[in-house]
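# Remarks on the overall topology
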Amino acid sequence: MRHATFATAFAAVSLLAPQASAQGRAIPTPASVIGFEPGTDRRLPQWRQVVSYFQALDASSSRMELHTLGTTTLGRPFIAAFIGDPATLGNLARVRDAARRLADPRLTTAQERATLEREGKVVVLVTSSIHSTEVGGILTPLVLAHRLVSGEDEESRSIRRNTLTILVPSLNPDGVDIVGDWYRGSLGSAWEGSGPPTLYHHYTGHDNNRDWYAFTQAETRMVIDSLYSQYHPQIVNDIHQQGSNGSRIFMPPYMDPVEPNIDPILIAGVAQMGKSMTWRMTAQGFTGIANNTSYDAWTPARAYQHYHGAIRILTETASAQLASPITVSYDSLRGGLNVDPKVTGVDFLTIWNGGAWGIGDIVRYQTAASWTLLAQAADDRALWLSSYSQVQRNAVAGKRAPGRADWPASIVIPAQPARDTAVNAAIRILQRGQVEVRRASGSFSANGRSFPAGSYVIHTAQPYGAFAKTMLETQRYPNLREYPGGPPKRPYDVTAHTLPLLLGFDVAMVRDSVTAATSMVSPVAATRWVATGLSDSRARRIAIFANASAAMDEGWTRWVFDQYRVPFTVVTAREIRAGNLSSRFDALVLPDQNARLIQRGPTGNYPDSLKGGLGDAGAAALGAFVDAGGTVLAFNDASEYAIEALQLPVKNVLDGVKPTEFYAPGSLIKVEYDRAHPLTAGATAPESVVWFETSPTFDITDASRATVVARYPATGDPLASGWLLGASRLAGKAALVDVTRGKGHVVLFGFRPQYRAQSMSTFPIIWNALRGTRAMQP
């Protein structure tokens with residue numbers, strides 16, 4: 001194995017002047033195009049400069065080929081750089097075909113697979129800069145690409161010879177400019193280094209990295225359709241940043257739990273790669289490297305790769321204040337789960353002693369981590385390919401594969417015309433995830449149940465059957481504690497992702513393989529989403545509140561409204577404080593956000609024009625709006641703001657309850673609707689559930705002014721999917737309350753009714769509330 005240090009290899013290549021390639025053409029350095037060396041304090045590139053650099057590399061070398069996959073949400077070019085030997089890039093069709101055949105063992109003989117494993121290229125996908133305030137992520141790909149293309153040392157040659165590296169310099173190009181423009185404008189001010197007062201993805205903000213199974217965003221779909229589905233990468237390196245006061249960098253192994261449908265070979269591969277990277281970087285003198293902390297492998301929302309044969313290597317490097325340097329004292333270092341940055345151990349081998357930390361350090365650590373991954377992939381090329389091949393052979397074996405005897409052989413989505421929109425959304429998700437979906441030509445029976453003609457059948461013995469299974473079954477998150485008898489061990493993200501419950505349709509797990517006559521379903525077109533009386537109509541004047549302390553839920557609300565073509569106006573705190581809302585609007589949505597942030601607005605140093613939330617003036621304006629006949633919809637935590645600001649006869653019974661007594665960190669919980677109330681019209685899911693994520697739960701203090709529209713069951717286990725501790729605290733309590741005030745209404749949602757644009761089963765309640773007070777008279 002080769003162990004040239006990053007510092008030595010990197011120092012050999014100056015970034016200031018173009019370098020000569022083996023072909024005799026000048027290879028442009030990043031600095032020659034963007035005007036500064038990546039890692040320079042207080043300097044960030046614009047997206048057009050990033051694109052220009054990759055175009056210049058493409059023009060200068062046959063070792064790179066630049067692809068434009070499409071345009072982003074806001075219209076910027078979305079690019080991917082393919083890097084390898086000229087012979088590899090000259091025959092990408094052959095690389096795609098080899099990857100396709102390895103991904104589906106049904107297409108090859110054992111001898112053909114052996115040849116592919118022996119002679120193929122490891123496809124490594126490197127993705128960066130999805131979270132735009134993690135600004136090292138837009139600089140590191142420039143350094144990586146330059147070294148990969150220009151390097152003449154044996155390690156660089158080995159990487160090009162043994163791999164096809166697909167480098168996506170930013171999964172969120174719009175955010176590169178949203179954050180960069182804000183940062184450049186803040187230099188020298190009191191708010192230098194702060195995040196922008198808007199979402200850095202137009203719709204999702206930080207949640208753009210939670211879209212890897214719902215595929216709602218244009219950027220997600222481009223990567224899935226053009227890269228994953230075409231090149232079937234075996235290794236994925238996902239470059240991120242974390243907080244400033246912990247380890248200097250995290251890399252796997254991940255901490256428990258591991259989602260049970262992931263092949264153990266993949267998790268072993270993740271651990272092997274992460275420890276190999278740790279070993280190499282430690283030998284190169286890097287300190288403060290952490291494994292097995294903070295980040296888990298539970299949800300496919302972040303780890304699409306684990307259900308498609310690839311290992312996902314997440315790296316999280318400590319942040320500065322965007323590109324402005326900071327000083328981190330040793331005393332300020334704080335530990336996380338399993339790791340204390342002041343104590344060495346098997347998952348934290350060397351201590352970083354504190355000191356100056358800046359964008360140059362971030363780029364140095366990120367580049368070293370990605371380079372060690374590529375070097376390891378090249379060194380063990382044949383082993384990575386044979387491991388991938390075995391994962392895929394297990395996949396097509398289905399129940400016969402080790403550890404899968406209790407899997408269903410088939411999953412049936414019965415024909416259910418009343419829920420066509422939900423079923424259509426699910427089928428489109430599965431097909432985009434490369435799942436083979438079949439349809440029955442006639443009625444049939446399985447497991448003692450009859451299914452009508454037109455039902456969908458998914459066999460789990462197929463290349464991506466695990467993806468279908470995890471998306472269609474219920475989750476049971478393990479009851480993990482920080483220590484015996486201690487508080488719950490916080491999951492990195494949420495704990496449930498059950499599409500039938502989220503979208504609202506029926507599904508059946510069938511023990512034995514369905515043998516009815518079926519045919520493969522071609523990619524289905526999207527059903528047009530319609531909110532009766534609201535889509536394509538301005539009969540109702542609707543506002544959505546956008547705080548200067550930006551909330552992801554506000555962006556998701558806009559996305560859902562845009563897909564349903566429901567017109568709306570975004571209003572700021574200043575506009576609400578100005579009052580006279582009833583002259584402009586009939587209904588106003590308060591997206592999920594902490595009540596204090598809604599009341600006070602952004603915290604920290606910001607321009608005076610952005611300071612102040614709704615305050616007393618905003619609360620008075622909202623009260624007058626409702627009194628005059630307006631409707632306020634308060635989602636999840638915003639309900640607590642509405643209760644206090646509008647003096648509603650409702651209280652949150654979970655206020656002040658400790659996590660050791662009640663905990664539900666993103667779960668699906670059963671509810672019982674008052675079907676006589678008009679808010680529930682159209683909520684036709686076979687099982688009534690809501691998305692509960694650190695949500696409020698209500699008691700009514702004046703029944704003459706408030707009506708319970710949905711409540712949790714008084715008896716039994718209310719958990720439908722995910723993790724719930726302290727279920728008794730929900731028993732019989734209200735999840736959805738309609739409160740009258742003056743001539744108007746306030747609808748309190750003790751849940752997220754449009755959670756990440758996935759909880760379609762509760763969308764009808766939103767539309768019913770927006771239609772107005774007359775529609776809500778019970």
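Predicted, not measured: the structure shown is a model, and the values here were computed from it. (Residues numbered from 1 in each chain as written. Predicted model: local features only at pLDDT ≥ 70, side-chain atom pairs only at ≥ 80, totals over all residues. Heavy atoms only, no water.)

## Let's talk about the overall build of the protein
Looking only at helices and strands, the protein has 22 helices and 34 strands in total. In terms of overall size, the protein behaves like a compact globule, its C-alpha atoms giving a radius of gyration of 27 Å where 778 residues would be expected to give roughly 28 Å. Referenced to the eigenvectors of the C-alpha coordinate spread, the extents of the protein come out at roughly 80 × 70 × 55 Å. Counting only residues that meet the buried cut, the protein has 60% of its 778 residues in that class. In the protein, 79% of the contacts between residues at least 6 apart in sequence involve partners at least 24 apart. Accessible surface for the protein amounts to roughly 27,200 Å². Of this, 49% is attributable to carbon and sulfur atoms. (Helix = DSSP H or I, 4+ residues; strand = E, 2+ residues; numbered from the N terminus. Rg over C-alpha atoms; globule rule 2.2 N^0.38 Å. Buried < 20%, exposed > 50% of the residue type's maximum accessible area, 1.4 Å probe, protein only. Contact = heavy atoms within 4.5 Å. Areas by Shrake-Rupley, 256 points an atom, 1.4 Å probe, with all protein chains shown as cover.)

## Comments concerning empty space enclosed by the protein
Inspection of every chain in the model, using the stated rule, returns eight cavities of 30 Å³ or more. Volume-wise, the largest cavity comes out at about 90 Å³. Considering the residues around the largest cavity, the lining is formed by 14 residues, among which Tyr307, Val391, Ala395, Arg404 and Ala466 are closest to the centre. When residues of the lining of the largest cavity are assigned to their parent elements, the largest contribution, three residues, is made by helix H13 (residues 381–397). Grouping the amino acids of the lining of the largest cavity by side-chain chemistry returns seven nonpolar, five polar and two charged. (1 Å grid on protein atoms, 1.4 Å probe; cavity = no way out; pocket = protein on both sides within 12 Å on 5 of 7 lines; lining within 4 Å. Points joined across faces, edges and corners; volume = space filled by probe spheres on them. Nonpolar A, V, L, I, M, F, W, Y, C, P; charged D, E, K, R; others polar.)

## Quick look at the sheet that holds strand S32 (residues 719–721)
Spatial strand order, S29-S27-S32: three strands in an open sheet with antiparallel pairing. Edge positions in the open sheet fall to strand S29 (689–693) and S32, since each of these has one partner strand only. For this sheet the average axis-to-axis angle between neighbouring strands, irrespective of direction, equals 45°. Across two bridges, strand S27 (residues 665–670) lies against S32 in antiparallel orientation. (Pairing = 2+ DSSP bridges. Axes fitted to C-alpha atoms, helices over the stretch in contact; angles between N-to-C directions.)

## A short note on the pattern of salt bridges
Counted by the stated rule, this structure contains 40 salt bridges. With a closest N to O distance of 3.6 Å, Glu575 and Arg584 form a salt bridge. Of the residues examined, Glu575 reaches a relative accessible area of 28% and is grouped as partly exposed. Salt bridges sharing partners connect three or more residues here, namely Asp97, Arg100, Arg101 and Glu112. (Salt bridge = Lys/Arg side-chain N within 4 Å of Asp/Glu carboxyl O.)

## Description of the pairing of strand S22 (residues 542–545)
Of the two faces of S22, the one carrying Ile542 and Ile544 and the one carrying Ala543 and Phe545 are both buried. In terms of strand pairing, S22 meets strand S24 (residues 587–590) through three bridges, oriented parallel. Among the inter-strand pairings, Ile542 is bridged to a residue of S24, identified as Ala587. Alignment of S22 against strand S23 (residues 569–571), held across three bridges, turns out to be parallel. Residue pairing for S23: Ala543 is matched across the bridge by Thr569. Remark: the S22/helix H17 (residues 552–563)/S23 crossover connection has right-handed handedness. (Right-handed = clockwise from strand over helix to strand, strands pointing away.)

## Some details on the nonpolar core
Among the nonpolar cores identified, the biggest contains 187 residues, and Phe54, Trp767 and Leu770 are the most heavily contacted of them. If one sorts the elements of this core by residue count, helix H12 (residues 359–379) sits on top with eleven residues. If we ignore the near neighbours within four places in the chain, the residues touching Trp767 are Ala531, Leu534, Val560, Phe561, Tyr564 and Val566. One finds Ala543, Leu590, Ala638 and Val650 within the second-largest nonpolar core, a separate group that totals 33 residues. (Core = buried A, V, L, I, M, F, W, Y, C linked by side-chain atoms within 4.5 Å.)

## Topic: the layout of surface pockets
If you add up the space inside the largest pocket, you get close to 660 Å³. The wall of the largest pocket is formed by 25 residues, among which Met552, Glu693, Thr694, Arg752 and Arg756 lie closest to the centre. Among the elements of the structure, H17 and S27 are those that each provide at least two residues to the lining of the largest pocket. Of the residues belonging to the lining of the largest pocket, the class tally is nine nonpolar, six polar and ten charged.

## What to know about the confidence of the model for the protein
Across the protein, the average pLDDT comes to 95, with 96% of residues at 70 or higher. Confidence over residues 1–16 falls short of pLDDT 50; this stretch has 39 contacts with residues more than four positions distant or in other chains. (pLDDT = per-residue confidence, 0-100.)

## Description of the packing of helix H11 (residues 264–283) against H13
Running from N to C, H11 and H13 point in directions that differ by 155°, and their axes come no closer than 10 Å. With respect to each other, H11 and H13 are oriented roughly antiparallel. In this structure, the crossing between H11 and H13 has a hand that is left-handed. Between H11, through Ile265, Leu266, Gly269, Gln272 and Met273, and H13, the contact on the second element is made entirely by Trp384, Ser387, Gln390, Val391 and Asn394. (Parallel < 35°, antiparallel > 145°, perpendicular 65-115°, else oblique. Left-handed = near helix turned anticlockwise from the far one by under 90°.)

## A look at the environment of Ile267
Here Ile267 is to be found in helix H11. Put simply, Ile267 and Gln242 are 25 residues apart on the chain and 22 Å apart in space, counted from C-alpha to C-alpha.

## Here's the deal with the sheet that holds strand S15 (residues 410–413)
Reading across from one edge, S20-S15-S19-S16-S21 is the order of the five strands in this open sheet, with antiparallel pairing throughout. Two strands in the sheet have a free side with no partner beyond their single neighbour: strand S20 (508–510) and strand S21 (518–520). Strand-to-strand twist of the sheet, defined as the mean angle between neighbouring strand axes without regard to direction, takes the value 30°. In this fold helix H15 (residues 465–472) packs onto S15, strand S19 (456–459) and S20, with an angle of close to 50° to the strand it touches most, S15.

## Notes on the pairing of strand S12 (residues 311–318)
The buried count for S12 comes to eight of eight residues, which makes it a mostly enclosed element. What you see with S12 is no split at all: Ile311, Ile313, Thr315 and Thr317 on one side and Arg312, Leu314, Glu316 and Ala318 on the other are buried throughout. Relative to S12, strand S7 (residues 235–242) runs parallel, the two sharing eight bridges. Within S12, the position partnered with Ile235 by the bridge is Ile311. Pairing analysis gives two bridges linking strand S8 (residues 249–250) to S12, with the strands arranged antiparallel. Within the sheet, the bridge partner assigned to Phe250 lies in S12 and is Glu316.

## A few points about helix H14 (residues 420–432)
An ideal rise of 1.5 Å per residue puts 18 Å on 13 residues; H14 measures up with 18 Å between its terminal C-alpha atoms. Buried residues of H14: Ala422, Val423, Asn424, Ala425, Ala426, Ile427, Ile429, Leu430 and Gln431, and no others. In the core, the buried residues of H14 are packed alongside S15, S19, H15 and helix H16 (499–504). Where H14 terminates, the next one or two residues include Gln434, which has phi positive at roughly 70°. (Expected span 1.5 Å × (residues − 1).)

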